[in-house]
Amino acid sequence: MLLKRKSLMVMLGLAFVALLAACGGGDADEPATGEATDTETSNVGEEVDYTIVGIEPGAGMMALTEDTLEEYDNLEGWELLEGSTAGMLVELDGAIQNEEPIVVTGWGPHWMFVTHDLKYLEDPKGTFGEPESIHTITREGLEEDMPEAYEILDNFHWDLEDMEGVMHEAEEGSSFEEAAQNWIDDNRDKVDEWTDGVEKVDGESIELVTTQWDSEYASSEMMRIVLEDHGFEVTVTPVDPAIVFQAVSSGEGDASLAPWLPITHGHFYEDYEEEIVDLGANLDGAQVGLAVPSYMDIDSIEDLEPKE
Ligand code: PBE
């Protein structure tokens, strides 16, 4: 289903490019002659129409990018395009195939950095922060109500390669469920460390709220299986980051593995800090920033020219 939608979007994108070429639009002709050395002398801002290709409007990264547009004087006149992660990835893919310049909201863990040769632009003002962590949060009272789940969630920590492994397998065509199950089978020792000594329960219901990015599908599916193996009935509900915090603070959701902190979801965290329990990092080394294909001759956000 997802694949089909993706290829339809690619086809639409190609049709659009073909149309542009047929109309003889000056811009569409450029990439044919566009060698790496050209980018040095030409104006990247102009070439990308002073536009950063963004994702879903509710993403933490979108707010960070808006802050970035305000913080950097050289980004005067730039715009951030709202859309979807799938749409951004199609644009990125198209640009790279034609060796055209493009500036996107990038993050990792994500396969975009594996399948494409990308680099983060340096961020001297630090609006995107340093590499951060993905945290586990729970509602108040979970520790008393469901000590077994609380303990497993509290023990849960895995490495970048673990999450990337699940994401990679899912990207290759497996469902997240299959990929997560395979990871669990291959990493029994790690899972045992989280669950050892924790009593099994008999069909208690627990709701995990999560966001709709692959990294969070990977962690939530994996934890769903681990908790189900421990006797829980698990519901996983994907929502916007703001709703993750709202749901856990109100007790509608029991826990979440999705908050990227301290930066990406920092403003939500600040709003709800008093009403949630933060169990700390479940993964270290997540990163967000503006990303460009490596063939582009710029290295820093400050290299992007203002709109005249
Ligand atoms: N992301 C991926 C999300 C969180 C996970 C960085 C695109 C965001 O809220 O920006």
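Notes on the structure in this doc start here.

Rules used in this analysis
- Residues numbered from 1 in each chain as written.
- Predicted model: local features only at pLDDT ≥ 70, side-chain atom pairs only at ≥ 80, totals over all residues.
- Heavy atoms only, no water.
- Core = buried A, V, L, I, M, F, W, Y, C linked by side-chain atoms within 4.5 Å.
- Buried < 20%, exposed > 50% of the residue type's maximum accessible area, 1.4 Å probe, protein only.
- Helix = DSSP H or I, 4+ residues; strand = E, 2+ residues; numbered from the N terminus.
- Domains from an automatic or database assignment.
- Contact = heavy atoms within 4.5 Å.
- Near = heavy atom within 4 Å.
- Polar contact = N/O pair within 3.5 Å; in protein donor to acceptor, adjacent residues only side chain to side chain.
- Areas by Shrake-Rupley, 256 points an atom, 1.4 Å probe, with all protein chains shown as cover.
- Pairing = 2+ DSSP bridges.
- Right-handed = clockwise from strand over helix to strand, strands pointing away.
- Phe/Tyr/Trp six-rings, centres within 6.5 Å; stacked < 30°, edge-to-face > 60°.
- Lys NZ or Arg CZ within 6 Å of the ring centre and 35° of its normal.

**Focus: the nonpolar core**
Nonpolar side chains tend toward joint burial in soluble globular proteins. Counting 75 residues, the largest nonpolar core has Trp107, Trp158, Trp194, Met222, Met223 and Leu304 as the members making the most contacts within it. The element that contributes the greatest number of residues to this core is strand E10 (residues 276-293), accounting for seven residues. Here this core spans two domains, and each of domain 1 (45-130 + 290-303) and domain 2 (133-284) adds at least three residues to it. Trp158 has contacts with Met163, Val166, Trp183, Trp194, Ala218, Ser219, Met222, Asn282 and Leu283, leaving out every residue within four places of it along the chain. Listed in part, the 12 residues of the second largest apolar core include Ile137, Val244, Phe245 and Val248.

**Concerning the environment of Met88**
Mapped onto the elements, Met88 comes out in helix H6 (residues 85-97). Given the relative accessible area of 1%, Met88 is considered buried. Leave out the neighbours within four places in its chain, and Met88 touches Val53, Gly54, Ile55, Val104, Thr105, Trp107 and Met112.

**Things to note about the site of the ligand**
Close to the ligand lie Ile55, Ala59, Gly60, Met61, Trp107, Trp213, Glu216, Pro241, Trp260, Thr264, His265 and Val288, which account for all nearby residues. Contact between the ligand and Met61: an oxygen atom at 2.9 Å from a main-chain N or O atom of the residue. His265 has a polar side-chain atom sitting 2.7 Å from an oxygen atom of the ligand. Contact with the protein chains hides 100% of the accessible area of the ligand, taken as 280 Å² for the molecule alone. Per-domain counts for the shell around the ligand show at least three residues from each of domain 1 (45-130 + 290-303) and domain 2 (133-284).

**As for the pairing of strand E7 (residues 233-238)**
Here strand E6 (residues 205-210) runs beside E7; their pairing, made up of six bridges, is parallel. Paired with Thr210 across the bridge in E7 is Pro238. Chirality of the crossover, the property in question, places the unit of E6, helix H13 (residues 214-229) and E7 among those that are right-handed.

**Focus on the packing of aromatic side chains**
Any aromatic ring pair is given by two values, namely how distant the centres are and how the planes are angled relative to each other. Tallying each qualifying case throughout the model produces eight aromatic pairs. Aromatic side chains Phe156 and Trp194 sit 4.9 Å apart centroid to centroid with 75° between the ring planes, which places their arrangement in the edge-to-face category. Here the residue Phe156 occupies a position in the loop between helix H9 (147-155) and helix H10 (160-171), and Trp194 occupies one in helix H12 (residues 188-195), the gap between them amounting to 38 residues. As far as burial versus exposure is concerned, Phe156 and Trp194 are alike and both buried. Through a chain of ring-to-ring contacts, three or more aromatic side chains come together here, namely Phe156, Trp158, Trp183 and Trp194. The residue whose ring lies beneath Lys125 is Tyr72, and the NZ or CZ to ring-centre distance is 5.7 Å.

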